[in-house]
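What follows is each chain in one-letter form.
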Amino acid sequence: HDLRHPFAEGGFRYVAKGRYTEGAREGEQTVAKWFKTGHVFEASFFDGDIKAMNKAHELVKEWNGKRFIDKIVKVNIPEVWTGMGGVILGKKLLHEPYIDNYQKFNSNTGWADNETPWPRVMQALSHFSYHASGGQFVLCDLQGGVYSDAVVLTDPVILSRTKMYGVTDLGPRGISSFFNNHVCNEFCKATWSRPADQRRYFNPQPGTSMVGGAVGTN
């Protein structure tokens, strides 16, 4: 029933909720995410997505080590499963623990929610990732849930100089667009670096954008 009636969907994927039936998380809630039928990005998405998750984990670990805030940040690392029947027969799915109180903090085109403290923390994390990587990466498209002891992120995007992290990696223009819209806040440090090119190449929007959505600079 849950697979036939996903509780959420984006522009290119469905999300269904279930429970783990075995293993260390038995009984806990989980989500499965899969592409809508015929989506052009399905074949090339999974390797880049898992690669981005692992890089995000590295950058978040470095952030946590600096103890800028009193909570740690965690990243859900999904597993790739293959559907065994029904609407997901033969389809690849990303499977990961369910996140309560989901909210979107920023996107991969420069959009950000700066109204409350936690989104501003996430903006600072994105800025820090650029500084800590020597200008090679920006960790963004941050979304997840705030818990009593941690913030848990899911589906982050890595923007890289070489576009090595899949179809959501908007490359150097994505990095520039992030900083075009980024205003440093109380969680950023004045010593953190910024790129020389801070022009806008993408229109800031909350949704995740794929490669190919560039606009004229301004």
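I will try to describe carefully the structure that is included in this document. Worth saying up front: this structure is predicted, and the values here are computed from it rather than measured.

## Digging into the overall build of the chain
When its secondary structure is counted, the chain shows 3 helices and 11 strands. Counted from the first residue to the last, the chain has its helices and strands arranged as β-β-β-α-β-β-β-β-α-β-β-β-β-α. Taken over the C-alpha trace, the chain has a radius of gyration of 17 Å; the compact-globule value for 218 residues is 17 Å, and the two agree within 12%. Over its C-alpha atoms, taken along the principal directions, the chain stretches across nearly 50 × 40 × 25 Å.

## Comments concerning the environment of Glu186
Its place among the elements puts Glu186 in the segment after α3 (171-181). Between the alpha carbons of Glu186 and Gln123 there is a distance of 10 Å; along the sequence they are 63 residues apart.

## Some thoughts on the pattern of salt bridges
As enumerated under the stated definition, the model contains 9 salt bridges in all. Note that Lys33 and Glu96 form a salt bridge whose closest N and O atoms lie 3.4 Å from each other. One end of the pair, Lys33, is in strand β3 (residues 29-35); the other, Glu96, is in strand β6 (residues 92-97), and 63 residues separate them in sequence. With relative accessibility at 7%, the residue Lys33 sits in the buried group. Residues Glu186 and Arg120 are paired through a salt bridge, measuring 3.0 Å at the closest nitrogen-oxygen approach. You can see Glu186 sitting in the segment after α3 and its partner Arg120 sitting in helix α2 (residues 117-132), a full 66 residues away along the chain. In the salt-bridge network here, residues are joined through shared partners; they are Arg13, Lys33, Glu96 and Asp155.

## Comments concerning the sheet that holds β3
The strand order β1-β2-β3-β6-β5 describes an open sheet built from 5 strands, whose pairing is antiparallel. Since the sheet does not close on itself, it has two edges, and those belong to β1 (8-9) and β5 (79-82), each with one partner. Both β3 and β6 contribute to a ladder of 4 bridges, which runs antiparallel. The partner of Lys33 across the bridge, within β6, is Leu94.

## Here we look at the packing of aromatic side chains
All chains considered together, the criterion is met by 10 aromatic pairs. Each ring, one from Tyr14 and one from Trp34, has its centre 5.8 Å from the other, and the planes form 45 degrees; the classification is tilted. Pair noted here: Tyr14 is in strand β2 (residues 13-19) and Trp34 is in strand β3, with a separation of 20 residues, a long-range link. A residue is classified by how much of its surface remains accessible, and Tyr14, at 28% relative accessible area, is partly exposed. On the basis of an interplanar angle of 65 degrees and a centroid distance of 5.0 Å, the ring pair of Tyr130 and Phe179 is categorised as edge-to-face.

## With respect to the side chain of Lys55
Tracing the chain through its elements places Lys55 in helix α1 (residues 42-66). Residues in contact with Lys55, not counting those within four places in the same chain, are Phe137, Ile158 and Tyr165.

## Side note on the sheet that holds strand β7 (residues 103-104)
One open sheet holds the 4 strands; their spatial order is β4-β10-β9-β7, and the pairing between them is mixed. Two strands close off the open sheet at either side, each with one partner strand: β4 (72-75) and β7. In this sheet, strand β9 (residues 143-146) lies alongside β7 in antiparallel orientation, the contact comprising 2 bridges. Directly across from Gln103, in β9, lies its bridge partner Gly144. The strands touched by α2 are β4, β7, β9 and β10 (150-153); relative to β10, the strand with the most contacts, the crossing angle is about 65 degrees.

## Regarding the environment of Ile69
Within the secondary structure, Ile69 sits in the loop between α1 and β4. Taking the C-alpha atoms as reference points, Ile69 and Val121, separated by 52 residues in sequence, lie 8.4 Å from one another. Once residues within four sequence positions are removed from consideration, Ile69 is found in contact with Trp63, Trp118, Val121 and Phe187.

## Considering unusual backbone geometry
The phi dihedral of Asn101 falls on the positive side, at around 55 degrees, and the residue is not glycine. Along the chain, Asn101 falls in the loop between β6 and β7.

## Focus on the nonpolar core
Counting residues in each nonpolar core, the largest one holds 24 residues, and the members touching the most others are Trp63, Met122, Leu125, Leu139, Leu153 and Ile158. Considering each element in turn, this core owes the most residues, 6 residues, to α1. With sequence-adjacent residues up to four places away left out, Leu125 is seen in contact with Val60, Trp63, Val73, Leu139, Leu142 and Leu153. Among the nonpolar cores identified, the runner-up in size contains 11 residues, and Tyr130, Val157, Ile175 and Phe179 belong to it.

Basis of the calculations
- Residues numbered from 1 in each chain as written.
- Predicted model: local features only at pLDDT ≥ 70, side-chain atom pairs only at ≥ 80, totals over all residues.
- Heavy atoms only, no water.
- Helix = DSSP H or I, 4+ residues; strand = E, 2+ residues; numbered from the N terminus.
- Rg over C-alpha atoms; globule rule 2.2 N^0.38 Å.
- Salt bridge = Lys/Arg side-chain N within 4 Å of Asp/Glu carboxyl O.
- Buried < 20%, exposed > 50% of the residue type's maximum accessible area, 1.4 Å probe, protein only.
- Pairing = 2+ DSSP bridges.
- Phe/Tyr/Trp six-rings, centres within 6.5 Å; stacked < 30°, edge-to-face > 60°.
- Contact = heavy atoms within 4.5 Å.
- Axes fitted to C-alpha atoms, helices over the stretch in contact; angles between N-to-C directions.
- Core = buried A, V, L, I, M, F, W, Y, C linked by side-chain atoms within 4.5 Å.

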